[in-house]
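Commentary on secondary and tertiary structure
Residues per chain are reported as follows:
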Amino acid sequence: MSNLPTFESLDEAAHHLYLAGEVGPILCRVDGSCWLAWQDGRSELVLDEAGDGDGCIAA
């Protein structure tokens, strides 16, 4: 299993980027699914929890 940062919500991921002074994207896990998240609130689902479960692979 990968060591992705895990957040309670995509808003929390965006806030994390804001505090880090980064625009993103960051590959992270929210509710068992893998997402790309940006500071401005954009997000893109990479792999949902029904995927292979071995980590996230951005295509």
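Preceding this section is the structure that the text describes.
Residues numbered from 1 in each chain as written. Predicted model: local features only at pLDDT ≥ 70, side-chain atom pairs only at ≥ 80, totals over all residues. Heavy atoms only, no water.

This part is about the state of the cysteines. Evaluated as defined, the whole model comprises 0 disulfides. Sulfur of Cys28: no disulfide; nearest cysteine sulfur belongs to Cys34 and is 8.2 Å away. (Disulfide = S-S within 2.5 Å.)

Right, let's talk about the sheet that holds strand 3 (residues 33–37) for a bit. As summarised here, the arrangement of the 4 strands in space is 1-2-3-4, forming an open sheet in which the pairing is mixed. Of all the strands in the sheet, the pair left with one neighbour each is strand 1 (6–7) and strand 4 (43–47). (Pairing = 2+ DSSP bridges. Helix = DSSP H or I, 4+ residues; strand = E, 2+ residues; numbered from the N terminus.)

As a further point, take the pattern of salt bridges. One pass over the structure, following the stated rule, counts 1 salt bridge. In this structure, Asp40 engages Arg42 in a salt bridge whose closest nitrogen and oxygen atoms are separated by 2.9 Å. Taking relative accessible area as the criterion, Arg42 reaches 47% and is therefore assigned partly exposed. (Salt bridge = Lys/Arg side-chain N within 4 Å of Asp/Glu carboxyl O. Buried < 20%, exposed > 50% of the residue type's maximum accessible area, 1.4 Å probe, protein only.)

One broad rule of soluble globular proteins: the nonpolar side chains tend to lie buried together. Counting 7 residues, the largest nonpolar core is built from Phe7, Ala13, Leu17, Ile26, Cys28, Val30 and Ala37. Residue assignment for this core shows that the elements contributing at least two residues are helix 1 (10–20) and strand 2 (26–30). Of all the elements, strand 2 adds the most residues to this core, at 3 residues. Setting aside chain neighbours within four positions, we find Ala37 in contact with Leu10, Ala13, Leu17, Gly24, Pro25, Ile26, Cys28, Arg42 and Ser43. (Core = buried A, V, L, I, M, F, W, Y, C linked by side-chain atoms within 4.5 Å. Contact = heavy atoms within 4.5 Å.)

To continue, consider the packing of aromatic side chains. Considering all chains together, one arrives at 0 aromatic pairs under this definition. A cation over a ring is seen here: Arg42 above Trp38, with NZ or CZ 4.6 Å from the ring centre. (Phe/Tyr/Trp six-rings, centres within 6.5 Å; stacked < 30°, edge-to-face > 60°. Lys NZ or Arg CZ within 6 Å of the ring centre and 35° of its normal.)

This next bit is on unusual backbone geometry. Of note, the bond from Gly24 into Pro25 is cis; its omega dihedral lies within 30 degrees of zero at 10 degrees. Among the secondary structure elements, Pro25 is positioned in the loop between helix 1 and strand 2. Despite not being glycine, Asp31 has its phi angle at roughly 55 degrees, a positive value. By relative accessible area, which is 63% here, Asp31 ends up exposed.

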